[in-house]
Amino acid sequence: MGDVRNVDVVVIGLGVGGEEAAGRLASAGLDVVGVEHTLVGGECPYWGCIPTKMMVRAGSALAEARRIPGLAGASTVEPDWAPVAGRVRDQATDDWNDKAAVDRLTGKGGTFVRGRATITGPGRVRVGEQEYAAARGLVLATGTVAVIPPIDGLAGTPYWTNRDAVETATLPGSLIILGGGAIGCEFAQVFARFGVAVTIIEGSGRILAMEEPESSEVATGVLTADGVTVKTGVRATHVTHDGAFTVALTDGSTVTGDRLLVATGRAARLGDLGLETIGLDPGARFLTTDDRMRAAEWVWAVGDVTGNGNFTHMAMYEADIAVRDILGQGGPGADYRARPRVTFLDPEIGAVGLTEQQARDTLTDVRVGHVPLSATSRGFVHGPGNEGFIKVVADHERGVLVGATTAGPAGGEMIGALAVAVHAEVPISTLHSQIWAYPTFHRGIGDALKALA
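The name given to the protein in an unreviewed UniProt entry is Pyridine nucleotide-disulfide oxidoreductase, with the source organism recorded as Actinoplanes campanulatus. For the protein, the Cofactor (unreviewed entry) comment in UniProt is given as "FAD". Regarding the protein, the relevant UniProt record gives this comment under Sequence similarities (unreviewed entry): "Belongs to the class-I pyridine nucleotide-disulfide oxidoreductase family."

Visitor: Please explain the pairing of strand β10 (residues 229–232) as it appears in this structure.
Guide: The side chains of a regular strand alternate, residue by residue, between the two faces of the sheet. Here strand β9 (residues 197–202) runs beside β10; their pairing, made up of four bridges, is parallel. Paired with Ile-200 across the bridge in β10 is Val-230. In this fold, the crossover linking β9 to β10 by way of helix α8 (residues 213–225) has right-handed handedness.

Visitor: I keep staring at the UniProt feature "domain: FAD/NAD(P)-binding" (unreviewed entry) in the protein and nothing clicks. Help me out?
Guide: What UniProt calls "domain: FAD/NAD(P)-binding" (unreviewed entry) maps, in this numbering, to residues 8–319. Helix makes up 30% of residues 8–319 and strand 26%, with an end-to-end C-alpha separation of 17 Å.

Visitor: What is the right way to read the UniProt feature "domain: Pyridine nucleotide-disulphide oxidoreductase dimerisation" (unreviewed entry) in the protein from this model?
Guide: Summarizing the sequence annotation, UniProt attributes the feature "domain: Pyridine nucleotide-disulphide oxidoreductase dimerisation" (unreviewed entry) to residues 340–446 in the numbering used throughout. For the annotated span residues 340–446, helix accounts for 34% and strand for 31% of the residues, and the straight-line distance between the end C-alpha atoms is 20 Å.

Visitor: Mind showing me how you'd approach the sheet that holds strand β8 (residues 174–178) here?
Guide: What holds strands together in a sheet is hydrogen bonding between their backbones, with the strands either parallel or antiparallel. Reading across the sheet, the four strands line up as β10-β9-β8-β14 and stay open at both edges, with parallel pairing between neighbours. The outermost strands of the open sheet, each flanked by one partner alone, are β10 and β14 (259–262). Here the average twist between neighbouring strands, direction ignored, is 15°. Note: β8 against β9, five bridges, orientation parallel. The residue of β9 that forms the bridge with Ile-177 is Ile-200. Across the face of the sheet, helix α7 (residues 182–193) comes into contact with β8, β9 and β14 while running at roughly 165° to β9.

Visitor: Sorry if this is basic, but what is going on with the environment of His-313 here?
Guide: Examined against the element boundaries, His-313 turns out to sit in helix α9 (residues 312–326). Relative accessible area serves as the criterion here: at 36%, His-313 is assigned to the partly exposed category. Considering only alpha carbons, one finds His-313 and Pro-372, 59 residues apart in sequence, at a separation of 28 Å. Of the polar contacts made by the side chain of His-313, one reaches the backbone oxygen of Pro-340; its length is 2.7 Å.

Visitor: Where do I start with the packing of helix α3 (residues 49–66) against helix α4 (residues 82–92) in this structure?
Guide: Angle between the axes and distance between the axes are the two parameters that describe a pair of packed helices. Remark: α3 packs on α4, axes separated minimally by 10 Å, with the N-to-C direction vectors making an angle of 150°. One way to sum up the angle between α3 and α4 is to call them roughly antiparallel. α4 is crossed by α3, and the crossing has right-handed handedness. In contact with Ile-50, Pro-51, Met-54, Met-55, Arg-57 and Ala-58 of α3, α4 contributes Val-84, Arg-87, Val-88, Gln-91 and Ala-92.

Visitor: Any chance you could explain unusual backbone geometry here in plain terms?
Guide: Only a minority of non-glycine residues have a phi that is not negative, and only a minority of peptide bonds are not trans. Of note, the amide linkage connecting Asp-346 to Pro-347 takes the cis form, showing an omega dihedral of 10°. Structurally, Pro-347 is set in the loop between β18 (340–343) and β19 (348–353). Here Tyr-438 and Pro-439 are connected by a cis peptide whose omega angle stands at -10°. Here Pro-439 shows up in the loop between α13 (428–432) and α14 (443–450). Backbone geometry at Glu-425 places phi at a positive 50°, although glycine is not the residue there. Relative to the helices and strands, Glu-425 resides in the loop between α12 (411–424) and α13.

Visitor: So what exactly am I meant to see when it comes to the sheet that holds strand β11 (residues 236–241) here?
Guide: Sheet architecture is open: three strands sit in the order β11-β12-β13, paired in antiparallel fashion. The open sheet terminates on both sides in strands that have one partner only, identified here as β11 and β13 (254–257). Averaged over neighbouring strand pairs, the angle between their axes works out to 20° when direction is ignored.

Visitor: Teacher, can you tell me more about the packing of aromatic side chains here?
Guide: For any pair of aromatic rings, the description rests on two quantities: the centre-to-centre distance and the angle between the ring planes. Counted by the stated rule, this structure contains seven aromatic pairs. Between Trp-81 and Phe-191, the aromatic rings sit 5.5 Å apart at their centres with planes inclined by 50°, giving tilted as the arrangement. In this pair, Trp-81 sits in the loop between α3 and α4 while Phe-191 sits in helix α7, placing the two residues 110 residues apart along the sequence. What makes Trp-81 buried here is its relative accessible area of 7%. Feature note: the residues Trp-81, Trp-160, Phe-187, Phe-191 and Phe-194 constitute an aromatic cluster, connected by ring pairs. Against the face of Trp-47 rests Arg-163, its NZ or CZ located 3.5 Å from the ring centre.

Rules and cut-offs
- Residues numbered from 1 in each chain as written.
- Predicted model: local features only at pLDDT ≥ 70, side-chain atom pairs only at ≥ 80, totals over all residues.
- Heavy atoms only, no water.
- UniProt positions renumbered as here; feature names shortened; annotations may be inferred.
- Pairing = 2+ DSSP bridges.
- Helix = DSSP H or I, 4+ residues; strand = E, 2+ residues; numbered from the N terminus.
- Right-handed = clockwise from strand over helix to strand, strands pointing away.
- Axes fitted to C-alpha atoms, helices over the stretch in contact; angles between N-to-C directions.
- Contact = heavy atoms within 4.5 Å.
- Buried < 20%, exposed > 50% of the residue type's maximum accessible area, 1.4 Å probe, protein only.
- Polar contact = N/O pair within 3.5 Å; in protein donor to acceptor, adjacent residues only side chain to side chain.
- Parallel < 35°, antiparallel > 145°, perpendicular 65-115°, else oblique.
- Left-handed = near helix turned anticlockwise from the far one by under 90°.
- Phe/Tyr/Trp six-rings, centres within 6.5 Å; stacked < 30°, edge-to-face > 60°.
- Lys NZ or Arg CZ within 6 Å of the ring centre and 35° of its normal.

Okay, here's the thing in structure tokens:
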């Protein structure tokens, strides 16, 4: 066993949240050790947000070109995956090399250690033969991994996770996707637009089951129009692979495909950290935190491990709260009322706060306003590709919005205005008197608000 090194803080996991926390604490003058066994920066820059949005952008360009007939003449579209794969490799991920991210951390004064960390007691962490004693505490930011369901025959087959789908340099002729959440739906649309025959298998009654039913309806419509086969209310019972995949379903049917993408959710990586040595449950699904992101005495948790949403923006938000607490800077604590999220389909589906059902489960007087995007002036002008809607959910008793969804060509941008309204609890009467620019997509927010009455 090596010597014990005394430091201020050890950050375990250098994804988005961990890297932010470690960098900020190091910049403040603390002696910080950041530990990561894969790539510094985590899922988002290498296999998540950044490369997948490049893929979405490419698929959307193809779709827009295909909308030229009837709008502006004739078009012929010939998809080519090579420039997409090249851009992901060269521009987004630097060929999956994290040197720039490591240099970013060490440039701020932090110490980087590549390896797996094991907590051995309060403030104590071992990486290989080296042990660290953290006087100020630990930050846990180990993220999540793709959940692989225990389907008979699946183990041992060359199935894909999101990482394989992002890294692929060539496209399969056909693809089966297990899971119709945001990740599964985004990949489905991208690959379908490049000519892949895609089938989504979703066990619940609708895709995007965590969002509004109207969101599921729009997503099903656009995916189907792109050639995706959407199967809901069925689950995989058996998988075989003999060069191609065959998946048997609960309704007795089978689906075949060259590749199989497992996108059935993600789970926190907690089991092998040594959490039991600091009084935390290694079998927990997530780490429970207070409004200062404290999971235990002198232990903070940020990002996916807290169960507050697998989003880069949530990890950054929680890292900021933890850093301020560690540095004694005060400021507002965690408040999840206005949690924003975007599903990057075409149309984009932005959402914030509660869905209608969540609101009805917790509030006594809920009012809902809804307007189809095609019924707005800008939606009419836009024409092809104008699928979408704006929906607002109000707590009538308090006269404020508690949730909203904006689906459309600018759905992820439109939600910004409504996120402010939910976060700041802007009175609906104030929103009614607002001047909404014409003819914009966001002017539809005013129409949806009128529908509340």
